[in-house]
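# Summary of the model geometry
Residues per chain, in single letters:
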Amino acid sequence: AQSVSQHNHHVILSEAASLELGCNYSYGGTVNLFWYVQYPGQHLQLLLKYFSGDPLVKGIKGFEAEFIKSKFSFNLRKPSVQWSDTAEYFCAVNAPWGNNRLAFGKGNQVVVIP
Amino acid sequence: SQTIHQWPATLVQPVGSPLSLECTVEGTSNPNLYWYRQAAGRGLQLLFYSVGIGQISSEVPQNLSASRPQDRQFILSSKKLLLSDSGFYLCAWSTTSTDTQYFGPGTRLTVL
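Residues numbered from 1 in each chain as written. Chains lettered and ligands numbered in written order. Predicted model: local features only at pLDDT ≥ 70, side-chain atom pairs only at ≥ 80, totals over all residues. Heavy atoms only, no water.

## Side note on a nonpolar patch on the surface
Nonpolar side chains collect at one region of the surface, where I12, V111 and I113 of chain A lie side by side and expose about 260 Å² of accessible area between them. Here I12 of chain A shows up in strand 2 (residues 10-14). (Patch = residues over 30% accessible without salt bridge, like charges linked within 9 Å, V, L, I, M, F, W, Y side chains within 5 Å. Areas by Shrake-Rupley, 256 points an atom, 1.4 Å probe, with all protein chains shown as cover. Salt bridge = Lys/Arg side-chain N within 4 Å of Asp/Glu carboxyl O. Helix = DSSP H or I, 4+ residues; strand = E, 2+ residues; numbered from the N terminus.)

## A word on the interface of chain A and chain B
Contact with chain A, which involves 20 residues of that partner, is made by 19 residues of chain B. Around 1600 Å² of area is buried between chain A and chain B when both sides are counted, 53% of it from carbon and sulfur atoms. Three residues, H43, L44 and R101 of chain A, lead the burial of chain A against chain B; their summed loss comes to 30% of the area buried on that side. Where chain A packs against chain B, one counts 0 salt bridges. If you look at where chain A meets chain B, you find 4 residue pairs in polar contact (both at pLDDT 80 or more). Residue assignment for the side of chain A that touches chain B shows that the elements contributing at least two residues are strand 5 (32-38), strand 6 (44-50), strand 10 (87-94) and strand 11 (102-104) of chain A. Among the elements that make up the side of chain A that touches chain B, the one with the highest residue count is strand 5 of chain A (4 residues). Taken together, the residues of the side of chain A that touches chain B sort by class into 8 nonpolar, 8 polar and 4 charged. (Contact = heavy atoms within 4.5 Å. Buried area = accessible area lost by both parts, 1.4 Å probe. Polar contact = N/O pair within 3.5 Å; in protein donor to acceptor, adjacent residues only side chain to side chain. Nonpolar A, V, L, I, M, F, W, Y, C, P; charged D, E, K, R; others polar.)

What follows is the structure in structure tokens.
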């Protein structure tokens, strides 16, 4: 079945550490890719997205993600995290499977320790 | 700018009671509208989506139904709630089926 995989559901790291969250999807055609973030008590909001063009995408708050088509991956990175990056992060893929519906991964709960 | 509202923010209902959750979007016309349920550690599950008034597609057979009586209004309903209906319900909108989806604040439903 078509799916979006996010590993290491719980991630704990210290401030200034680097963060990388993996996202893999199981569809071989053209896809639109998203990372959403949900800060404690806040709406789910868009962090960054990739539709086409440069596979290295920069988003808000210093986040970036790289689309590697050959690996069916769209990993999220931040070189130096802050306490305020504590949140849940969701990868999502929109593809022609099932009429272009958005499929979400299970999320990564990230806790940054001051 | 566009905004999306959901109410109520929280709801506690007994098993067997009816449900009505409302979602409205402002600042756009003919949006695609979506209902999701979010469960801890399980991501977001799409429940229903709508591309226009009166047009509803169901993703998962369940105890819930959806309606779109107006262009920017999307309602999630149930005639008789089950314990398993407890969860966090999110409404979202997009301009097209492949574009970015924007989410509302959500409704926390507890069925006792």
